[in-house]
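# Inside the fold
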Amino acid sequence: MSGNLKEILDEKGPIKTIGVIGMGYVGIPAAVLFADSDAFDFVWGLQRDSPSSGYKIDLLNQGECPLKGDEPGLEELVKKVVQAEKFRSTSDFSKIADVDAVTLAIQTPFANPADLEPDFGALIEGVKQVGRYLSKGTLVVLESTITPGTTEGLARQVLEEESGLTAGEDFALAHAPERVMVGRLLRNIQEHDRIVGGIDQVSTDRAVELYRPVMNTGKVIPMTATAAEVTKTAENTFRDLQIAAINQLALYCEAMGINVYDVRTGVDSLKGEGITRAMLYPGAGVGGPA
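## Points about the side chain of Lys56
Relative to the assigned elements, Lys56 resides in helix α3 (residues 55-61). There is no salt bridge for the buried Lys56, and the closest opposite charge comes from Asp49, which lies 11 Å off by N-O distance. Setting aside residues no more than four positions away along its own chain, Lys56 makes contact with Met23, Gly24, Gln47 and Pro66.

## Considering the packing of aromatic side chains
Evaluated as defined, the whole model comprises four aromatic pairs. Seen from their ring centres, Phe34 and Phe40 are 5.8 Å apart, and the 85° between their planes marks the pair as edge-to-face. When its relative accessible area of 1% is taken as the criterion, Phe34 is described as buried. When the centroid spacing of 5.9 Å and the interplanar angle of 50° are considered together, the rings of Phe34 and Tyr211 count as tilted. Here Tyr211 lies in helix α8 (residues 201-211) and Phe34 lies in helix α2 (residues 27-36), a separation of 177 residues in the sequence. Aromatic rings pair up to connect Phe34, Phe40 and Tyr211 into one cluster.

## Here's the deal with the packing of helix α5 (residues 121-133) against helix α6 (residues 151-163)
Where α5 contacts α6, the axes come no closer than 7 Å and their chain directions differ by 40°. Taken as axis vectors, α5 and α6 run oblique relative to one another. Where α5 crosses over α6, the two elements pack in a sense that is right-handed. Contacts between α5 and α6 involve Ile124, Val127, Lys128, Val130, Gly131 and Arg132 on the former and, on the latter, Leu154, Ala155, Val158, Leu159, Glu162 and Ser163. Broken down by class, the residue content of the contact of α5 with α6 amounts to seven nonpolar, two polar and three charged.

## Digging into the pairing of strand β10 (residues 220-224)
As defined by bridge partners, strand β9 (residues 194-198) adjoins β10 across five bridges and the pair is classed as parallel. Following the sheet pairing, Arg194 is matched in β10 by Val220. Handedness of the crossover joining β9 and β10 through α8: right-handed.

## Quick word on α5
Look at α5: 19 Å from first C-alpha to last across 13 residues, which is about the 18 Å you get at 1.5 Å a residue. Against the buried residues of α5 lie β1 (17-21), β4 (101-104), β7 (139-142) and α6.

## A closer look at unusual backbone geometry
Positive phi is not limited to glycine here, since Glu85 has a value of about 60°. Considering the arrangement of structural elements, one finds Glu85 in the loop between α4 (74-83) and β3 (87-90).

## Side note on helix α10 (residues 260-268)
Buried within α10 are the following residues: Val260, Arg264 and Asp268. Viewed end-on, α10 has its buried residues packed into an arc of 70°, placing them on one side of the element. Among the exposed residues of α10, those oriented more than 90 degrees off its buried face are Asp262 and Thr265. The inward-facing, buried residues of α10 abut α9 (225-256) and β11 (271-272). Put simply, Asn259 is the residue that caps the front of α10, since its side-chain oxygen is 2.8 Å from the backbone nitrogen of Tyr261.

## As for the pairing of strand β8 (residues 172-175)
By the alternation rule, side chains of β8 split into Ala172 and Ala174 and Leu173 and His175, which are all buried. Note that β7 and β8 share four bridges and pair parallel. Bridge pairing in β8 links Leu139 to Ala172. Handedness of the crossover joining β7 and β8 through α6 is recorded here as right-handed. Inspection of the sheet shows β8 paired to β9 by two bridges, in the antiparallel sense. Bridge assignment links Ala174 to a residue of β9, and that residue is Gly198.

## Let's talk about a nonpolar patch on the surface
A cluster of nonpolar residues, Tyr252, Met256 and Ile258, forms a patch on the protein surface that exposes about 330 Å² of accessible area. One can find Tyr252 in helix α9. Here Tyr252 falls in the exposed class, since its relative accessible area comes to 52%.

## Let's talk about the nonpolar core
General note: in soluble globular proteins, nonpolar side chains tend to be found buried as a group. Residues Phe34, Leu74, Phe87, Leu139 and Leu210 are the most contacted members of the largest nonpolar core, which totals 45 residues. Counting residues per element, the ones that place at least two in this core are α1 (2-12), β1, α2, α4, β7, β8, α7 (185-191) and α8. Sorting elements by how many residues they give to this core places α2 first, with seven residues. Setting aside anything within four residues of it in sequence, one finds Leu139 in contact with Ile15, Asp100, Ala101, Val102, Ala172, Leu173, Ala174, Ser203, Arg206, Ala207 and Leu210.

Scoring rules and cut-offs
- Residue numbers restart at each chain and count upward from 1, following the sequence in its written direction.
- Given that the model is predicted, a residue must reach a pLDDT of at least 70 before its local features are reported, and side-chain atom pairs must reach 80 or more before they are shown or counted; all residues, however, enter totals for whole chains, interfaces and linings.
- Water and hydrogen atoms play no part in the side-chain values, which are based on all heavy atoms of the structure.
- A run of DSSP states H or I qualifies as a helix once it reaches four residues; a run of E qualifies as a strand once it reaches two. Both are numbered from the N-terminal end.
- For every residue, the accessible area (1.4 Å probe, protein chains only) is compared with the maximum for its type, and the residue is labelled buried under 20%, exposed over 50%, or partly exposed between those bounds.
- For this count, His and the chain ends are skipped, Lys and Arg are scored as positive, and Asp and Glu as negative.
- What counts as a salt bridge is simple: a side-chain nitrogen of Lys or Arg found within 4 Å of a carboxyl oxygen of Asp or Glu.
- Any pair of residues with heavy atoms lying within 4.5 Å of one another is described as a contacting pair.
- Between rings of Phe, Tyr and Trp, where Trp is taken as its six-membered ring, a pair exists when centres lie within 6.5 Å; planes separated by under 30 degrees are stacked, by over 60 edge-to-face, and by other angles tilted.
- A fitted line through C-alpha atoms represents every axis, and for helices the fit uses only the stretch in contact; the resulting angles, taken between N-to-C directions, go from 0 to 180 degrees.
- For classification, angles of less than 35 degrees are called roughly parallel, those exceeding 145 degrees roughly antiparallel, those between 65 and 115 degrees roughly perpendicular, and all remaining angles oblique.
- Crossing handedness is defined as follows: a turn of the near helix away from the far one that is anticlockwise and smaller than a right angle gives a left-handed crossing, while the clockwise case is right-handed.
- Amino acid classes used here: Ala, Val, Leu, Ile, Met, Phe, Trp, Tyr, Cys and Pro are nonpolar; Asp, Glu, Lys and Arg are charged; the rest, including Gly, are polar.
- By this definition, two strands are paired if DSSP reports at least two bridges between them.
- With the strands pointing away from the viewer, any crossover whose connection runs clockwise from the first strand over the helix to the second is right-handed.
- Here the expected length of a helix is defined as 1.5 Å per residue gap, with one fewer gap than residues.
- Of all possible arcs, the one meant is that of the directions from the helix axis to the C-beta atoms.
- A 3.5 Å cut-off defines polar contacts: any pair of N or O atoms within that distance qualifies, except that in protein one atom must be a possible hydrogen donor and the other a possible acceptor, and neighbouring residues in sequence count only when both atoms are side-chain atoms.
- Within the patch definition used here, like charges are joined within 9 Å and nonpolar side chains (Val, Leu, Ile, Met, Phe, Trp, Tyr) within 5 Å, considering only residues with over 30% relative accessible area and no salt bridge.
- Only the protein chains shown count as cover for residues, and the accessible areas themselves come from Shrake-Rupley with a 1.4 Å probe.
- Side-chain atoms within 4.5 Å link the members of a nonpolar core, which is a set of buried Ala, Val, Leu, Ile, Met, Phe, Trp, Tyr and Cys residues.

It is worth stressing that arrangement in space is one thing and function is another; only the former is reported here.
So, in structure tokens, the structure goes:
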């Protein structure tokens with residue numbers, strides 16, 4: 001099937017117009033970095049005009065960043081790409097029909113934290129919007145943290161049902177999980193290596209084409225879509241284990257009347273070729289943007 005898709009993409013040419021769904025801590029910095037790249041002509045920032053988030057549209061179109069907190073360079077970059085007429089935000093999802101690639105940066109919180117069941121409602125609605133306006137040759141990329149198998153399974157099914165097109169034959173589909181932290185959004189996108197996995201080789205190659213222009217020191221690591229999903233969930237699990245370990249150590253040290261930071265410094269001092277014992281600092285929990 002990928003042979004037909006490759007012919008469509010060859011005829012379509014390089015990615016020039018992009019849609020980014022979800023104007024939050026992941027979507028805004030990604031959108032303006034795409035817009036600032038010479039490789040791309042224009043970026044749409046797609047946002048639902050909801051009571052809680054619709055205000056972002058007007059702010060972004062005025063060249064103002066609606067995100068709270070200190071994000072070095074982000075406010076200036078939003079203003080720059082708006083003034084250059086390379087970026088605009090809208091609630092009109094029909095713009096998807098005219099883009100070469102669309103990414104989805106939509107939250108996937110727990111429906112019920114006690115049951116550890118993810119709430120994919122907002123993501124599914126976003127995928128449905130993409131499917132309704134999907135054109136042949138478009139690249140669709142999920143950036144949200146998702147259960148392994150979601151790209152090949154749920155997302156593919158919804159996109160095909162809504163569009164009448166076939167993934168891997170009529171359009172490309174991939175997963176490229178975000179790896180950003182509040183306070184360093186632009187830097188993380190540019191400097192962190194990017195995991196990119198398509199449902200087939202043609203999709204993977206097209207997704208690599210999308211992300212490579214916005215990276216400087218970071219490199220793109222291609223793999224399958226499911227491997228990319230597992231990579232993200234595994235690194236989140238590893239981080240949670242590290243946080244649990246240092247917080248438990250902090251409680252232990254407090255009970256013994258010793259300084260946990262002294263212990264951390266001592267453990268962290270063991271370094272050498274192939275050796276690292278780096279530990280996190282104790283804190284209130286896992287964290288992340290609201």
